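Okay, here's what each chain looks like letter by letter:
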Amino acid sequence: MRALAIDPAEAAAAPRAAYSIGCNRILSWAPPLPPPDAPAASGVTAQDEIALYADEEQVRSKDILCLAASTGGALAAGSVDGRVRCWRVGSNGVPTGVPVRWAAHAGRVSCVRFTPGGGGLLTAGLDGAVKRWAHACSPGGARLLSQSALLPRVHSLALAGGHVHAGVEGEVVSLEGESLSEVGRVALPPREAGAEAEASGAPRVTALATGRGLHGALLAGDSSGRLHLLVPRVRE
């Protein structure tokens, strides 16, 4: 299983579905609501397989790399061939119909993130671009709203404090939330003495996360297996 996403439904509601990538398939799952006395671990039953490629005759690669679900009832997936697909999600949490698809990046799509409220979609790729799209799931197709200047390969994204934070090699680049212009950078702390150096140089920031309790700080995981707490330095 390569990635997971949870359909958040509404902010105060229980999730309707979870989605996973594995063996070039996207599965939707019906997450059970645990009772107060539930065991620490319990199984989840797959309820549907989402058809990925029935809508096109030829696909350069069938590897789906990343997923995101929105409160607005949508599911987005980025793939190794640079395409993004976006489905509308039914009331049962299962995507319906043929996805809207488009070539978003010149290379692997490393991350997809819906903006708060689900009205927009952010994508990042190994081509070094972060892009913001509108109408990602509309039949008329996605519309590019803004794009960052080219960065080193972008491996991860997080949204915090009205900014978009992009994980690249050795640091996190902060972008203004609408224009995606750069407003700051924060480097990973230096390795401890004696730590193995990566063959490619600085470790890649492969995962980013934030939450209310972090007060604008970011949790950053890197390709050497370390986890860091970073405070973005943002120019006003």
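Predicted model only: the values in this text are computed from it and were never measured.

Chemist: Can you walk me through the overall build of the protein in this structure?
Modeler: For the protein, the helix and strand inventory stands at 0 helices and 19 strands. Buried residues in the protein amount to 46% of all 236 residues. A separation of at least 24 residues holds for 43% of the contacts in the protein among residues at least 6 apart in sequence. As displayed, the protein has an accessible area near 12100 Å², and 53% of this comes from carbon and sulfur atoms.

Chemist: What am I meant to see in unusual backbone geometry here?
Modeler: Generally, phi is negative for residues other than glycine and the peptide bonds are trans, each holding for most cases. In the Ramachandran plot, His135 falls in the positive-phi region, its phi being about 60° despite a non-glycine side chain. By secondary structure assignment, the location of His135 is in the loop between strand E11 (130-134) and strand E12 (143-147). With a phi angle near 60°, Leu180 is a residue other than glycine that sits in the positive phi range. If you trace the backbone, Leu180 turns up in the loop between strand E15 (171-176) and strand E16 (182-187). You can call Leu180 buried: its relative accessible area is 1%.

Chemist: Honestly, the pattern of salt bridges in this entry has me stumped. Any pointers?
Modeler: When the charged atoms of two side chains lie near each other, side chains of opposite charge can form a pair. Throughout the structure, instances matching the rule amount to 5 salt bridges. Arg132 is paired through a salt bridge with Glu178; the nearest N and O atoms lie 3.2 Å apart. One end of the pair, Arg132, is in strand E11; the other, Glu178, is in the loop between E15 and E16, and 46 residues separate them in sequence. Among the ionic pairs, Glu182 bridges to Arg185, the shortest N-O distance being 2.7 Å. When its relative accessible area of 33% is taken as the criterion, Glu182 is described as partly exposed.

Chemist: Got a minute to help me understand the nonpolar core in this structure?
Modeler: In terms of nonpolar packing, the biggest core is built from 16 residues, with Val84, Cys86, Trp102, Val112, Phe114 and Leu121 touching the most fellow members. Those elements that provide at least two residues to this core are strand E5 (64-70), strand E6 (74-79), strand E7 (83-89), strand E8 (95-103) and strand E9 (109-114). In terms of residue count, E9 provides more of this core than any other element does, 3 residues in total. Not counting the four nearest positions on each side in its chain, Val112 is found in contact with Cys66, Leu67, Ala68, Ala76, Gly78, Val84, Leu121, Leu122 and Thr123. Within the second largest apolar cluster, 13 residues are counted, among which are Ala124, Ala166, Val173 and Leu175.

Chemist: What is the right way to look at the side chain of Thr123 in this model?
Modeler: Relative to the elements of secondary structure, Thr123 occurs in strand E10 (residues 120-125). Residue class for Thr123 comes out buried when judged on its relative accessible area of 0%. Sequence-distant contacts of Thr123, that is, excluding residues within four places in its chain, are made with Val84, Ala104, His105, Cys111, Val112, Ala129, Val130, Lys131, Trp133 and Leu157.

Chemist: Help me out: how do you make sense of the sheet that holds strand E14 (residues 163-167) in this one?
Modeler: Strands in a sheet are paired, the pairing made by backbone hydrogen bonds, and the direction either parallel or antiparallel. Here we have 4 strands laid out as an open sheet, ordered E13-E14-E15-E16, and antiparallel in their pairing. The open sheet terminates on both sides in strands that have one partner only, identified here as strand E13 (156-160) and E16. With direction set aside, neighbouring strand axes in the sheet form an average angle of 20°. Across 5 bridges, E13 lies against E14 in antiparallel orientation. Counterpart to Leu157 in the pairing with E14 is Ala166.

Chemist: Just to check I follow, could you spell out the state of the cysteines for this structure?
Modeler: Chemically, a disulfide is nothing more than a covalent bond linking the sulfur atoms of two cysteines. Taken as a whole, this structure holds 1 disulfide when the rule is applied. Between Cys66, a free cysteine, and Cys111, which holds the nearest cysteine sulfur, the sulfur-to-sulfur gap is 6.0 Å. Under the relative-accessibility criterion, Cys66 is labelled buried at 6%. For Cys111, a relative accessible area of 5% gives the class buried.

Calculation rules
- In every chain, residue numbers begin from 1 and rise along the written sequence.
- A pLDDT threshold of at least 70 governs which residues receive local features in this predicted model, and a stricter bar of 80 or more applies before side-chain atom pairs are shown or counted, although totals over entire chains, interfaces and linings include all residues.
- As a rule here, side-chain values come from all non-hydrogen atoms in the structure, and water together with hydrogens is ignored.
- The numbering of helices and of strands both runs from the N terminus, where a helix is a DSSP run of H or I of at least 4 residues and a strand a run of E of at least 2.
- Relative accessibility under 20% of the residue-type maximum defines a buried residue, over 50% an exposed one, and the middle range a partly exposed one, all with a 1.4 Å probe and only protein chains included.
- Whether two residues are in contact is decided by their heavy atoms, any of which lying within 4.5 Å being enough.
- Per-residue accessibility takes into account occlusion by the displayed protein chains alone, with areas from the Shrake-Rupley method and a 1.4 Å probe.
- Salt bridges are defined as contacts in which a side-chain nitrogen from Lys or Arg sits within 4 Å of a carboxyl oxygen from Asp or Glu.
- Joining through side-chain atoms within 4.5 Å is the link that ties buried Ala, Val, Leu, Ile, Met, Phe, Trp, Tyr and Cys residues into a set, and such a set is a nonpolar core.
- Two strands are said to pair when DSSP picks up at least two bridges between them.
- To define axes, lines are fitted to C-alpha atoms, for helices over the stretch in contact only, and angles between the resulting N-to-C directions are given on a 0 to 180 degree scale.
- Our working definition of a disulfide is a cysteine sulfur pair at a distance within 2.5 Å.

Structural measurements only, silent on function.
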